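Geometric and topological summary
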Amino acid sequence: MGETWRAIFGHDEPYAEQADGIETAIETADRDGFAVIEGACGTGKTMLALTAGLDRVRDPDSSFERVVVLTSVKQQLRQFEADVRTINDNLPDDWRPLSALTLVGKADICPYSRERTGNIDETTVYDRCEGLRERTRNLTGSDGPTTAAALADEARRAQTGLLNTGSGGSAGADYLETAGETTPYLPDTAEFEDTEYCPFYAQYLEDLPEDGDPVEAVPFDVEDRGLLDTEELVGLAASHGTCPHSMLGALLPHMEVVIGNYYHAFDPRTTETFTGPLLDESTFVVCDEAHMLEPRVRDLVSDGVADTTLRNAESELTRVIQPLEFERGDGDSPADSDAAMVRGELEETDVSLAELKATRSFVRDLRKELDRQVTAYLDGERPAWRTALDDLPDDEIALRDPETPEPDAITEWANGEYGDDVWVRAETVGAVAARVLNELEEADRDRAAPTVGRVLGAWYRADHARYFREIDLSRTWDETEPADSWRRAYNARLSLHNCVPGDAIADRLADFGGGVLMSATLEPLDVFRTVTGLDELAENGRPVVERTYGLSFPAENRASFAVDAPTFTHENRGPPGSESDTRRVYVDAVAEVAGREGNVLVGMPNYAEAEWMAGRLADRLDSSVLLDESSDDGATEALKQEFFGADDSTLVTSLRGTLTEGVDYRGDRLHAAVVCGVPLVDTTRPRTQAVVTAYDRAFGADADGRGGRSGFETALTVPAVRKARQAVGRVIRGPDERGVRVLVDARYARDRWNGVREYLPDWEREEFQPVSPDMLSLGLDRFADGGR
C-alpha cells in the first residue's frame, strides 16, 4: 500500500501511532471491514479517522464516496470541524477543497425558528414545519390552485406592499433577516387564499427538478467552499429565498464529509425521513466516542408512550369517529360534509369504522389499566402518597420480574381483554386517523395516534427476553388534575426498553462499506466487540481489526496512582451524611491532591456523593471548591468556564455527568484528576437488573460453564471503568503537559474477586501502580520534585 494519505494528513508529520492507525483503517476498509481503535487522549484519533476515510474517498479506484462522522459529544463535533479546516488549509495546491457540512436540527436552521417569528420557535418548529410544508404542497400539487413559483413570487411582492402589482420595491420594506443575511420575505409566514404556507419551501419546490437529483435545486455553488458551517448554509439558502433544511437534505449525499450525531444513523425515524441516503456501502463511517455507542443506541432503539399521549390519541380517534356518528344524512350540514370526507378517506384504505372504534376502546382501557397499575404500586410502596404529592420522587414500576423473561402485566391484560387483532392493526389505524385529521383540521401539531399505534405494535412484536417493559414515573405538577390523583404529580410513560442493542448496531454498521470505531476507552476490546455486534459482523465475513495505543507523551510528565483504599461501596461508606472511616480515607486522599497547586477535577460515583465531597473539601482547602450539580447545559457551561479561568481550584462532579467526558482540559486548565470509587449505576433499579439478566443470557457462559462473561461485567462493570478512565484521561493532552492521575479504591489497586484492574489495558495497569493511602503524599512529593 502506498502512502497517498500523507497528502491529506493535515499536519507535517503524524505520530507513529497515527500512521499505523491510518494504514490499518485503510487496509481494513478496503476489505469491507472495521478498525476498532483505542487511543489515549492526545493520540490524534480525529485526524487519523478523517485521513483514512478521505484517502478512500479521493482514491478513484475506491468505492467510497463520503465519510460520515458520528459522535455523541458536541466538543468532539467541533474538533472534527476544526480538523476538516486544517486538512483543507494544507492540501496540495492542485487539490480541490474537501466538501463538508455538519448536521443540525430544524430549530437551528429554520429562519423563522432562529428569529422566533411566524409563531415558530425551538418548541414548535417541528410541528409547524410539517404543517406548513404539507399546505404548501397541497397548494402547488397537481390538484392545487397555484404553482410553487407563484407562491414564492407572491411572498416576494407582498414584501414591498405591492401585492399582485409586479412593481418595484419599497425603501421601508421589513425584510426577515437571519445568519447575517436579508431574505426576500416578510418576518412572518405567507398566506394564499387564507391558507398559510412557507415561502422558503415554496421556492425549494419550484427549483426542485421533476425527475432529477434534488441537489439541482441548490442555488449556490459549494464545490470550493470546504466546510459549509450552519451559519453559512442558512445565510446562503435564506438570502436566495429557499429552505435551508431542504438544502441540507439535498446536499447530504454529495458532500465528502458529513458530521452528525449517533441518532443520524441509529434513530429509525431520523434515518427513514432524512439521513437514509447516507446509509450504504459507499459510506466510510467513523463512530467517535464509541464507548458510548452501546448505551446511546439502546436509548434510540427503545420506545415508549406517555399517558398524555394515550389521552390525546383517544381524543383524536374520537374526532375521526364523531362525524360518522352524528351524520344527519341530508347532505347540507357541516357534519355531513365532514362525514363524507372521513368516509372518502377510509374508502381509500383498509381501515374500517369498527376498527377505529375498537382501537379507541383499547386506548381508553389501556389508560385505565395504567391508572390501576400506578395506583396499586403507590398504595403498596408509599401508602400516604395522596397527602404528599409534592414530595414524590421519580420512580419506575416493573411490569414483570426483571430477572425472569416472561410476558408483562400490560401484555397479559391486553391479550386477555382484546386478543391479537387490535395490537396488530394499531399502527395502521393510528396512521389513517392522523391522515383524516390533517384533512379535517389545519392546526400544526404532531398527531398522537400514529405514535401510540407504533408503540403498541412494537410492544406486541418485541420478545420478553431482550426487551423489558415498565412504567416510568417522572415528576411534574399539573393543577388541572384532581388533588388525590397521581396524575397531578407524575407524568407516566409505558416504556419498552431494548436491553441488548447489539443486533441493531450490527445491522446498521452492516449497511456501511467499512470504517473506524474509536475512543480513548474501549478496552477490554473483546467485551466491546461482543456487545456492539462486531463479532456478529466478523462471523458474516466483515473483518474487524483491533489496535490499542497508549500515551506516547513523555512518561516523566505524569504520575499515576491506584490508591489501595477501602472499597467505596454503599456497605462500606454508608450514606453521604455519615462520617465512616472509609469516607475519611477518601477525603484525605482527595485533599492531598487538591491541596497542591493547580486545578483539580474530582469524579464521584453520583451527584449526591459529589455534593458530600465538595462540602468536606470546602472545610479542608484554602482554595475554591466548585460543585457541579445535575443542571441544564447553560449552568454547566458557566461552571466549566469558571473552572477554566481559575488557576488553583477544585471541581467536584459526578462521573456520570458531562464534565468528565469530551471536555478539552488543555494546557493549564487541569493539573490533576481524582476518581473515587467505581461508578456503577444503581443496581437496585428494575431496568438495570433486566439488562444484566439479558446480557447474562446473550453473552454469558454456556450451559457447561464455558466462555463468556457475566452480565454484571459486560453491562455494568466495564462501562463503569470506562467512565473512570475517561475522567483521568482529561489530564494529559499533549507532549508538554504535566499532571497527576489518581484512582482511589482497592478495586483499581488489587486483583481481587470484585476488582476492576483487569479491565484496564496493559499499558495503564503498568502505569497505575498501587500505593497505600499513607504513601500517596510521598508519591506526589516525588513527582513535584521531578522524580517518579
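The following paragraphs examine the structure supplied in this document. (Residues numbered from 1 in each chain as written. Predicted model: local features only at pLDDT ≥ 70, side-chain atom pairs only at ≥ 80, totals over all residues. Heavy atoms only, no water.)

1. Observations regarding the overall build of the protein chain
Rule in force here: Numbering of helices and strands starts at the N terminus; helices are DSSP runs of H or I of at least 4 residues and strands are runs of E of at least 2. Our radius of gyration looks at C-alpha atoms and nothing else; its globule reference is 2.2 Å times the residue count to the power 0.38. When checking whether two residues touch, look at their non-hydrogen atoms; a contact exists if any pair is within 4.5 Å. Computed by Shrake-Rupley with a 1.4 Å probe, the accessible areas treat only the displayed protein chains as cover when residues are assessed. Think of it this way: Lys and Arg go in the positive column, Asp and Glu in the negative one, and His and the chain ends go nowhere. Working definition for charges: the position is that of NZ of Lys, CZ of Arg, CG of Asp or CD of Glu.
Looking only at helices and strands, the protein chain features 31 helices and 23 strands. Its C-alpha atoms give the protein chain a radius of gyration of 29 Å, near enough to 28 Å, the size a compact globule of 788 residues would have. Viewed in the frame of its principal axes, the protein chain has a C-alpha envelope of about 95 × 75 × 55 Å. Once local pairs closer than 6 in sequence are excluded, the contacts in the protein chain between residues at least 24 apart make up 76%. Summed over all atoms, the accessible surface of the protein chain reaches about 33,200 Å², with 44% contributed by carbon and sulfur. Positive and negative side-chain charges in the protein chain, numbering 82 and 153 respectively, have mean positions lying 4 Å apart.

2. Digging into empty space enclosed by the protein
Here is the rule we go by: The rule is simple: put a 1 Å grid over the protein atoms alone, call a set of points where a 1.4 Å probe fits but cannot get out a cavity, call an open set with protein on both sides within 12 Å along at least five of seven lines a pocket, and count a residue as lining if it has an atom within 4 Å of a point. Grid points are joined across faces, edges and corners, and a volume is the space filled by probe spheres set on the points.
Following the criterion strictly, the structure yields four cavities of 30 Å³ or more and no others. Its volume calculated, the largest cavity comes out at about 160 Å³. Together, 17 residues line the largest cavity, and Cys110, Cys129, Arg133, Cys198 and Cys243 are the ones closest to its centre. Of all the secondary structure elements, the ones that give two or more residues to the lining of the largest cavity are helix H4 (106-109), helix H5 (111-115), helix H6 (125-140), helix H8 (199-207) and helix H10 (244-251).

3. Brief notes about the environment of valine 675
Short version of the rule: In this scheme, a residue with accessible area under 20% of its type's maximum is buried, one over 50% is exposed, and one in between is partly exposed, where area comes from a 1.4 Å probe on protein chains only.
Within the secondary structure, valine 675 is located in strand S21 (residues 672-676). Valine 675 sits in the buried class, given a relative accessible area of 0%. Along the sequence, valine 675 and valine 73 sit 602 residues apart, while their C-alpha atoms lie 21 Å from each other. Contacts of valine 675, omitting those with residues within four sequence positions, involve Gly603, Leu655, Ala724, Ala727, Val728, Val742, Leu743, Val744 and Tyr748.

4. Re the pairing of strand S2 (residues 66-71)
Applied cut-off: Paired strands are those between which DSSP finds at least two bridges.
Of all six residues that make up S2, six are buried, and the element is covered over most of its length. With burial as the criterion, each face of S2 is covered, one bearing Arg66, Val68 and Leu70 and the other bearing Val67, Val69 and Thr71. Where S2 and strand S10 (residues 283-287) come together, five bridges link them in parallel fashion. Of the residues in S10, the one forming a bridge with leucine 70 is cysteine 287. In the sheet, S2 pairs with strand S9 (residues 257-261) via five bridges, with the strands oriented parallel. Looking at the pairing, threonine 71 lines up with asparagine 261 of S9.

5. Notes on the sheet that holds strand S16 (residues 544-549)
On the basis of which strands lie adjacent, the open sheet formed by eight strands has the order S8-S3-S9-S2-S10-S15-S1-S16 and parallel pairing. The outermost strands of the open sheet, each flanked by one partner alone, are strand S8 (227-228) and S16. The pairing of strand S1 (residues 34-39) with strand S15 (residues 514-519) spans five bridges and is classified as parallel. Residue phenylalanine 34 lies in a different strand from S15, and its bridge partner there is glycine 515.

6. What to know about the nonpolar core
Under the convention used in this document: For this analysis, a nonpolar core means a set of buried residues of the types Ala, Val, Leu, Ile, Met, Phe, Trp, Tyr and Cys, connected via side-chain atoms within 4.5 Å.
Formed by 73 residues in total, the largest nonpolar core has its most connected members in Leu101, Phe220, Tyr262, Phe266, Leu509 and Leu517. Aside from chain neighbours lying at most four places away, what touches tyrosine 262 is Leu70, Thr71, Ser72, Asp267, Cys287, Asp288, Glu289, Ala290, Met292, Leu293, Arg296 and Leu300. Residues Val305, Val351, Val363 and Ala433 belong to the second largest nonpolar core, which totals 51 residues.

7. Examining the layout of surface pockets
Formally: Classification used: nonpolar for Ala, Val, Leu, Ile, Met, Phe, Trp, Tyr, Cys and Pro, charged for Asp, Glu, Lys and Arg, polar for all others including Gly.
Its volume calculated, the second largest pocket comes out at about 640 Å³. Taken together, 30 residues line the second largest pocket, and the ones lying closest to its centre are Gly42, Thr43, Gly44, Gln79 and Arg733. Contributing elements (two or more residues each) for the lining of the second largest pocket: helix H2 (45-58), helix H3 (74-89) and S15. The element that contributes the greatest number of residues to the lining of the second largest pocket is H3, accounting for four residues. Residues that form the lining of the second largest pocket fall into these classes: eight nonpolar, twelve polar and ten charged.

That is the geometry; function is a separate question.
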